[in-house]
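# Report on the structure
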Amino acid sequence: MNYPKFPESCTSLLCKFLSEDIFNQLKDKKTANNFTLAQVIKSGVENIDSGIGVYAGDKESYAVFAPLFDQIIAEYHSFTQVDVHKSNFNSAELNAPNPDPEGKYIISTRIRVGRNVADMPLGPAISNAQRNQVESAVVAAVNLLEGDLAGSYYPLLGMSKVIQAQLIRDHFLFKEGDRFLAAVGLNADWPAGRGIFHNKDKTFLVWVNEEDQMRIISMQMGGDIQTTFTRLANAVKQIEATVPFLYSQRLGYITSCPTNLGTAMRASVHIALPNLAQDMDRFKMITDQYRLQIRGLHGEHSESKGGVYDISNRRRLGITEVEAVQGMYDGVVALISAEKASANR
Ligand code: ADP
Ligand code: ARG
């Protein structure tokens, strides 16, 4: 493989940090699962509009290709080589009374973490048989959950297209055919091994074998961030007792995309900010100040509709779970107050 030529217009962290020197230093290296630099960068090379552009095939990828990954991690998470992952999933330490008890702004709240199974390659380097093994292990673990977490597993294989589309439209299920994931092999053997577990009310869900082997999700209508977080903390602890997670002392929970390392947590609200949306400079000033990310109504790479946005913490490594949610919460409080002020102008 030769050094890839990126067009001038490329703004991904891959183009920013893959110098010719680093490329030459890493181009012949591989991990024990035979994951190579060509595979690490394939998605970003094929998708020039990537924001990041790299994926790991296993935990070892983060060490073998560290000269590239470490720079991307430092830039995305403000996490240097001497920093160490920290965790605090104690919901009693979160201070998040509902910022919108009348339900005028916040439509729904969702908090997810990404997790992968210890001693398994990540999705980009996994075999079909291993992926099925992961599915069986995760399903066995979630089937043990009781009370309001109890539910059923619905494999994608055999799910009707109508039900699948409905679950996607209602924000419960992952989409199909993501080109960033396809490029790195994350959609291989689709839909085998993929599926979704959820409780009766669809307030607790687990995605199986999408970008990560698990996306553990707590969500509900309205702005009760505290209850959403408590449910997630409780569920994650119980699942981990049956399926040990892939973990690194320095980088926290290991995920296939470096943006998800550490807490692997994305805490979001769907929120209506129609007035603030008329003044995107002010909107972005607030989201930058609180390190929040703005996504569209159907998640990443989607558009917003009717002044409704998906607002979440951007950083996931170098902060604890409580800090990730608290930062999102504080930012949402500021956004609501700016929305009220712009409505009165
Ligand atoms: P992820 O959150 O796993 O990084 P996406 O950004 O694609 O992935 O979002 C996955 C799904 O979750 C999408 O359907 C998105 O609309 C939905 N979602 C995200 N935040 C919320 C929320 N606060 N309320 C309801 N649905 C949400
Ligand atoms: N690889 C994609 C890009 O670089 C997504 C990056 C972050 N999102 C994610 N789902 N991992 O734009």
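Quantities reported herein were computed from a predicted structural model and do not represent experimental measurements.

What counts, and where the lines are drawn
- Residues numbered from 1 in each chain as written.
- Chains lettered and ligands numbered in written order.
- Predicted model: local features only at pLDDT ≥ 70, side-chain atom pairs only at ≥ 80, totals over all residues.
- Heavy atoms only, no water.
- Helix = DSSP H or I, 4+ residues; strand = E, 2+ residues; numbered from the N terminus.
- Rg over C-alpha atoms; globule rule 2.2 N^0.38 Å.
- Buried < 20%, exposed > 50% of the residue type's maximum accessible area, 1.4 Å probe, protein only.
- Contact = heavy atoms within 4.5 Å.
- Areas by Shrake-Rupley, 256 points an atom, 1.4 Å probe, with all protein chains shown as cover.
- Lys, Arg positive; Asp, Glu negative; His and termini not counted.
- Charge placed at Lys NZ, Arg CZ, Asp CG, Glu CD.
- Near = heavy atom within 4 Å.
- Polar contact = N/O pair within 3.5 Å; in protein donor to acceptor, adjacent residues only side chain to side chain.
- Nonpolar A, V, L, I, M, F, W, Y, C, P; charged D, E, K, R; others polar.
- Phe/Tyr/Trp six-rings, centres within 6.5 Å; stacked < 30°, edge-to-face > 60°.
- Lys NZ or Arg CZ within 6 Å of the ring centre and 35° of its normal.
- Disulfide = S-S within 2.5 Å.
- Axes fitted to C-alpha atoms, helices over the stretch in contact; angles between N-to-C directions.
- Parallel < 35°, antiparallel > 145°, perpendicular 65-115°, else oblique.
- Left-handed = near helix turned anticlockwise from the far one by under 90°.
- Pairing = 2+ DSSP bridges.

## Considerations on the overall build of the protein
The helix and strand inventory of the protein stands at 11 helices and 10 strands. Against the compact-globule benchmark of 20 Å for 345 residues, the protein has a radius of gyration of 20 Å, which places it among compact chains. Of all 345 residues assigned to the protein, the portion counted as buried reaches 56%. Pairs at least 24 residues apart make up 73% of the contacts formed inside the protein by residues separated by at least 6 positions. If you sum the accessible surface of the protein, you get close to 14,900 Å²; carbon and sulfur atoms cover 50% of it. Across the protein, the 35 positively charged side chains and the 38 negatively charged ones have centroids separated by 2 Å.

## Things to note about the site of ligand 2
Lining the immediate surroundings of ligand 2 are Ser50, Gly51, Ile52, Gly53, Tyr55, Phe180, Glu211, Cys257, Thr259, Asn260, Glu300 and His301. Between ligand 2 and Gly53 there is a distance of 2.9 Å, counted from an oxygen atom to a backbone nitrogen or oxygen. Isolated, ligand 2 exposes 340 Å² of accessible area, and the fraction of that covered by the protein chains is 91%. Its residues assigned to classes, the shell around ligand 2 comprises 4 nonpolar, 6 polar and 2 charged.

## Here's the deal with the packing of aromatic side chains
Aromatic rings considered in pairs are described by the distance between their centres and by the relative angle of their planes. As enumerated under the stated definition, the model contains 9 aromatic pairs in all. A centroid spacing of 5.9 Å and a plane angle of 85° characterise the contact between Phe174 and Trp190, whose relative ring orientation is edge-to-face. Of this pair, Phe174 sits in the loop between α7 (161–169) and α8 (179–183) while Trp190 is found in the loop between α8 and β3 (195–199), placing the two residues 16 residues apart along the sequence. A centroid spacing of 5.0 Å and a plane angle of 85° characterise the contact between Phe283 and Tyr309, whose relative ring orientation is edge-to-face. Taken together, the positions of Phe283 in helix α10 (residues 280–289) and Tyr309 in strand β10 (residues 308–313) put the pair 26 residues apart, joining distant regions of the chain. Per residue, the accessibility class of Phe283 equals that of Tyr309, and both read buried. Above the ring of Tyr253, the side-chain terminus of Arg115 is found at 3.5 Å from the ring centroid.

## What about the state of the cysteines?
Enumeration according to the criterion identifies 1 disulfide in this entry. The residue that forms a disulfide with Cys10 is Cys15, at a sulfur-sulfur distance of 1.9 Å. The pair Cys10 / Cys15 is uniform in exposure class, with both members buried.

## Focus: the site of ligand 1
Neighbouring residues of ligand 1: 18 residues in total, closest Ser108, Arg110, Arg112, Ser268 and Arg295. Secondary-structure elements contributing two or more residues to the shell around ligand 1 are β1 (106–115), β5 (214–221) and β8 (265–272). Of the residues that constitute the shell around ligand 1, the class distribution is 4 nonpolar, 7 polar and 7 charged.

## Brief notes about the packing of α10 against helix α11 (residues 321–343)
Contact pair α10 / α11: the axes reach a minimum separation of 9 Å and the direction vectors enclose 160°. The orientation of α10 relative to α11 falls into the category roughly antiparallel. Crossing handedness for the pair α10 and α11: right-handed. Together, Arg282, Phe283, Ile286 and Thr287 of α10 and Gly331, Ala334, Leu335 and Ala338 of α11 make up the contact between the two elements. Taken together, the residues of the contact of α10 with α11 break down into 5 nonpolar, 2 polar and 1 charged.

## A short note on the side chain of Ser43
For Ser43, the location among the structural elements is in helix α3 (residues 37–46). A distance of 2.7 Å separates the side chain of Ser43 from the backbone oxygen of Phe180, its partner in a polar contact. Discounting residues that sit within four places of it in the chain, Ser43 has contacts with Ser50, Gly53, Tyr55, Phe180 and Ala183.

## Topic: the pairing of β1
Burial of β1 is extensive: 9 of the 10 residues sit out of reach of the surface. Of the pairings in the sheet, the one linking β1 to β5 comprises 8 bridges and is antiparallel in character. Among the inter-strand pairings, Thr109 is bridged to a residue of β5, identified as Gln220.

## Things to note about the sheet that holds β10
Whether parallel or antiparallel, the strands of a sheet pair through hydrogen bonds between backbone atoms. Strand order across the open sheet formed by 8 strands is β2-β3-β4-β5-β1-β8-β10-β9, with antiparallel pairing between neighbours. Each edge of the open sheet is held by one strand with a lone partner, namely β2 (151–155) and β9 (292–295). Geometrically, the sheet is characterised by an average inter-axis angle of 20° between neighbouring strands, direction not taken into account. In this structure, β1 lies alongside β8, joined through 7 bridges in antiparallel fashion. By the bridge assignment, Arg112 is partnered in β8 with Arg266. Most of the contacts of α10 go to β9, to which it runs at about 135°, and overall it touches β9 and β10.

## Some points on the environment of Leu156
Residue placement: Leu156 occurs in the loop between β2 and α7. In this structure the C-alpha to C-alpha distance between Leu156 and Ala192, which are 36 residues apart in sequence, comes to 7.3 Å. For Leu156, the contacting residues outside a window of four places in its chain are Gln164, Leu173, Phe174, Trp190, Pro191, Arg194 and Gly195.

So yeah, pure geometry; function would need other evidence.
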